[in-house]
Amino acid sequence: MKIRTARPDDFQALIPLFQQIHDQHVALRPDHYRPHEMPVPEELFLSQLENPAYALLVAEHDGLAGVIVLKEDIVEGSGFVFDKHYLRVISLVVSDTHQKQGVGKRLMQAAYAHAETIGCDRIELGVDDANQEAIAFYEALGMDVRSRRMEWKVTSSRETTM
């Protein structure tokens, strides 16, 4: 298995992976994610490849087996919080045919190496509470829950007029 930086000509091969993770998100949170035939437009993909704050890494193993989309973020501190320089995992997806073969782990290890190279303090990501398999995967890597985002649904005019 080889981990490398994504290239513009990878886009067509990545469409099924982007669709797979989007469909999973729709299934977990149909109140938040809309079904979509092209969840990642080519223009967005290409702009991320060109933006130095982003890193898109792919795993090659009998084709493209997985992809991780990363973004470097810096938050300036204030009188009551420290500066934070971190790498955010925007998306991690391993093809259904390559699940449980170490692809996700290798992509996360590459993300960790990238974070070290660019001087980040930490790696952060968001994962839905309903995605227990992903939570177990990240915890097995050594990640900890540091905060929790909560929702309180409010009946709105949007719901009654749609």
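A quick note: this is a predicted structure, and the numbers were derived from the prediction, not measured. (Residues numbered from 1 in each chain as written. Predicted model: local features only at pLDDT ≥ 70, side-chain atom pairs only at ≥ 80, totals over all residues. Heavy atoms only, no water.)

(A) Region of interest: the nonpolar core. Ile68, Leu70, Leu87, Val89, Leu92 and Leu107 are the most contacted members of the largest nonpolar core, which totals 20 residues. For this core, the elements supplying multiple residues, two or more each, are strand 2 (54–60), strand 3 (64–75), strand 4 (84–94), helix 3 (103–117) and helix 4 (132–141). Of the residues forming this core, the biggest block, 6 residues, is contributed by helix 3. Discounting chain neighbours no more than four positions away, the residues touching Ile68 are Ala55, Leu56, Leu57, Val89, Ser91, Leu92, Leu107, Met108 and Ala111. Core analysis: the second largest hydrophobic core is formed by 15 residues, Leu17, Leu56, Leu64 and Val67 among them. (Core = buried A, V, L, I, M, F, W, Y, C linked by side-chain atoms within 4.5 Å. Buried < 20%, exposed > 50% of the residue type's maximum accessible area, 1.4 Å probe, protein only. Helix = DSSP H or I, 4+ residues; strand = E, 2+ residues; numbered from the N terminus. Contact = heavy atoms within 4.5 Å.)

(B) Focus on the sheet that holds strand 2. If you trace the 5 strands from one edge of the open sheet to the other, you get 1-2-3-4-5, paired in mixed fashion. Strands with a single pairing partner mark the edges of an open sheet, and in this sheet they are strand 1 (2–5) and strand 5 (122–125). Averaged over neighbouring strand pairs, the angle between their axes works out to 30° when direction is ignored. Against the sheet, helix 1 (residues 11–28) touches strand 2, strand 3 and strand 4, its axis set at about 70° to strand 3. (Pairing = 2+ DSSP bridges. Axes fitted to C-alpha atoms, helices over the stretch in contact; angles between N-to-C directions.)

(C) The arrangement of helix 1 in detail. The end-to-end C-alpha separation of helix 1 is 25 Å, in line with the 26 Å expected for 18 residues at 1.5 Å each. Along helix 1, the positions that sit buried rather than exposed are Phe11, Leu14, Ile15, Leu17, Phe18, Gln19, Gln20, Ile21, His22 and Val26. Along its buried surface, helix 1 packs onto helix 2 (42–50), strand 2, strand 3 and strand 4. (Expected span 1.5 Å × (residues − 1).)

(D) Helix 4, seen in detail. All of the buried residues in helix 4 are Ala134, Ile135 and Tyr138. Projected down its long axis, helix 4 shows its buried positions confined to an angular sector of 100°, all on one face. Looking at helix 4, the residues exposed on the side facing more than 90 degrees away from the buried face are Gln132, Glu133 and Ala140. Elements in contact with the buried residues of helix 4: strand 4, helix 3 and strand 5. Looking one or two residues past helix 4, Gly142 carries a phi angle of roughly 110°, positive in sign. (Arc of directions from axis to C-beta.)

(E) How the structure looks around the pattern of salt bridges. For the structure on display, the rule yields 13 salt bridges. Between Arg7 and Asp9 there is a salt bridge, and its shortest N-O distance comes to 3.1 Å. On the basis of relative accessible area, Arg7 is assigned to the partly exposed category, the value being 37%. Taking the relative accessible area as the measure of exposure, Asp9 reaches 57% and is therefore exposed. The salt bridge partner of Lys153 is Asp31, with a shortest N-O separation of 3.2 Å. Here Asp31 lies in the loop between helix 1 and helix 2 and Lys153 lies in the loop between helix 4 and helix 5 (157–161), a separation of 122 residues in the sequence. On the basis of relative accessible area, Lys153 is assigned to the exposed category, the value being 59%. Linked through salt bridges whose partners overlap, the residues forming this network are Arg4, Arg7, Asp9, Asp10 and Glu60. (Salt bridge = Lys/Arg side-chain N within 4 Å of Asp/Glu carboxyl O.)

(F) Fine view of the packing of helix 3 against helix 4. For the pair helix 3 and helix 4, the least separation of the axes is 11 Å and the interaxial angle reads 50°. With respect to their mutual orientation, helix 3 and helix 4 come out oblique. The two elements helix 3 and helix 4 cross, and the hand of that crossing is right-handed. Along the contact surface, helix 3 presents Gly104, Lys105 and Met108, while helix 4 presents Phe137, Tyr138 and Leu141. (Parallel < 35°, antiparallel > 145°, perpendicular 65-115°, else oblique. Left-handed = near helix turned anticlockwise from the far one by under 90°.)

(G) The environment of His36, seen in detail. Position of His36 among the secondary structure elements: in the loop between helix 1 and helix 2. C-alpha separation for the pair His36 and Val26, spaced 10 residues apart in sequence, amounts to 9.2 Å. Setting aside residues up to four positions removed in sequence, His36 forms contacts with Gln19 and His22. Within the structure, His36 has its side chain in polar contact with the backbone nitrogen of Met38 (distance 2.9 Å). (Polar contact = N/O pair within 3.5 Å; in protein donor to acceptor, adjacent residues only side chain to side chain.)

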